[in-house]
Amino acid sequence: MKERTEVGSLEIAYVRAGSGPPLVLLHGYVGDGPSTWRHQIDVLSSEFTVLAWDAPGAGLSTDPPEYTGMNGYADCLAPFLAQLGIERAHICGLSFGGALAIAFTRRYPAAVQSLVLTSAYAGWAGSLPADEAQRRLDQALRLSQLTPKEFCATLLPTMFRSSVPARDVEQFAEAMAAFHPAGFRAMARASAEDLRSALPGISVPTLLIYGEDDVRAPRGVGEQLQAAIKGSRLVFVSNAGHLCPIESPAFVNQEMRVFLLSSTSP
């Protein structure tokens, strides 16, 4: 069951489960918190207080201005966590959520215990060739005008590599189909930024997780982030694509659990 809180003029929906050190899960620019992170919420909540928000413009949250930018998203996440009494947390982001985690760490370093960046970019412009970054933004702006059925038919095949249980695909597709056109454009515009300058300043323990067969954030994207973030560790998930936390939940959960426990202050 999703809870709600207000951050400025926005209403933010989220799921909270478990108890222990705070773990904040940030979804990508499609779907929502529970549809992306259901397996992690179910398992990791046995040892952590797990929070998975619907980013502004997704799920049951309201839409931000279209030109909010990644810093604007970070500046929304900070008071959201403060309202819930969280001063410092492990931050885990997938894709757009990974770029948000990077921006959040730059702006609010004292609030970050560790980072898990999954299928993440330093923004499209920071991780992809310039023509590909522009193509993705142009495509996203066009996709925002489509019907939910057309939207899902275009993007869903790029998210998975392996055979995924039908229930997982259906739940994610349902969340995708509920996309907000204006909110999706806001997240796409933020995703298109270049965050490379933030990477050398990351000093917290950082785990990078990428699907070995991800066509959206290919292997080289993870390798670039590992080279730029001092002391980071890079793990590839076999037979998995962009949504590796859904495709290979047992492997991803184990990697995250071991890393998070080792990064938790006594």
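Residues numbered from 1 in each chain as written. Predicted model: local features only at pLDDT ≥ 70, side-chain atom pairs only at ≥ 80, totals over all residues. Heavy atoms only, no water.

Enquirer: How should I be thinking about the packing of helix α2 (residues 69-83) against helix α8 (residues 181-191) in this particular structure?
Expert: When two helices pack together, their arrangement is captured by the angle between the axes and the distance separating the axes. The N-to-C vectors of α2 and α8 enclose an angle of 110°; their axes lie 7 Å apart at closest approach. Classified by the angle between their axes, α2 and α8 sit roughly perpendicular to one another. Only G183, A186, M187, A190 and S191 of α8 make contact with α2, whose side of the interface consists of G69, M70 and Y73. Looking at the contact of α2 with α8, its residues break down into five nonpolar, three polar and no charged. (Axes fitted to C-alpha atoms, helices over the stretch in contact; angles between N-to-C directions. Helix = DSSP H or I, 4+ residues; strand = E, 2+ residues; numbered from the N terminus. Parallel < 35°, antiparallel > 145°, perpendicular 65-115°, else oblique. Contact = heavy atoms within 4.5 Å. Nonpolar A, V, L, I, M, F, W, Y, C, P; charged D, E, K, R; others polar.)

Enquirer: Got a minute to help me understand the sheet that holds strand β8 (residues 233-237) in this structure?
Expert: Adjacent strands of a sheet pair through backbone hydrogen bonds, lying either parallel or antiparallel. If you walk across this open sheet you meet the eight strands as β1-β2-β4-β3-β5-β6-β7-β8, and the pairing is mixed. Both outer strands of the open sheet, β1 (3-7) and β8, are each paired with one neighbouring strand and no more. With strand direction ignored, the average angle separating the axes of adjacent strands in the sheet is 25°. Pairing analysis gives five bridges linking strand β7 (residues 206-211) to β8, with the strands arranged parallel. The residue bridging L208 from the neighbouring strand is L234, located in β8. Taken strand by strand, α2 contacts β1, β2 (10-17), β3 (22-26), β4 (49-53) and β5 (89-94), and its axis lies near 120° from that of β1. (Pairing = 2+ DSSP bridges.)

Enquirer: How do you make sense of the packing of aromatic side chains when you look at a structure like this?
Expert: In this description, an aromatic ring pair is defined by two values, namely the gap between the centres and the angle between the planes. Throughout the structure, instances matching the rule amount to 10 aromatic pairs. Between the aromatic rings of W53 and F80, the centroid separation amounts to 5.5 Å while the plane-to-plane angle is 45°, which identifies the pairing as tilted. With W53 in strand β4 and F80 in helix α2, this pair connects stretches of sequence that are 27 residues apart. Grouping residues by exposure puts W53 and F80 together as buried. What links up through ring pairs into an aromatic cluster is the set Y29, W124, F151, F179 and F184. Directly above the ring of F236 sits R219, whose terminal nitrogen or CZ lies 3.8 Å from the centroid. (Phe/Tyr/Trp six-rings, centres within 6.5 Å; stacked < 30°, edge-to-face > 60°. Buried < 20%, exposed > 50% of the residue type's maximum accessible area, 1.4 Å probe, protein only. Lys NZ or Arg CZ within 6 Å of the ring centre and 35° of its normal.)

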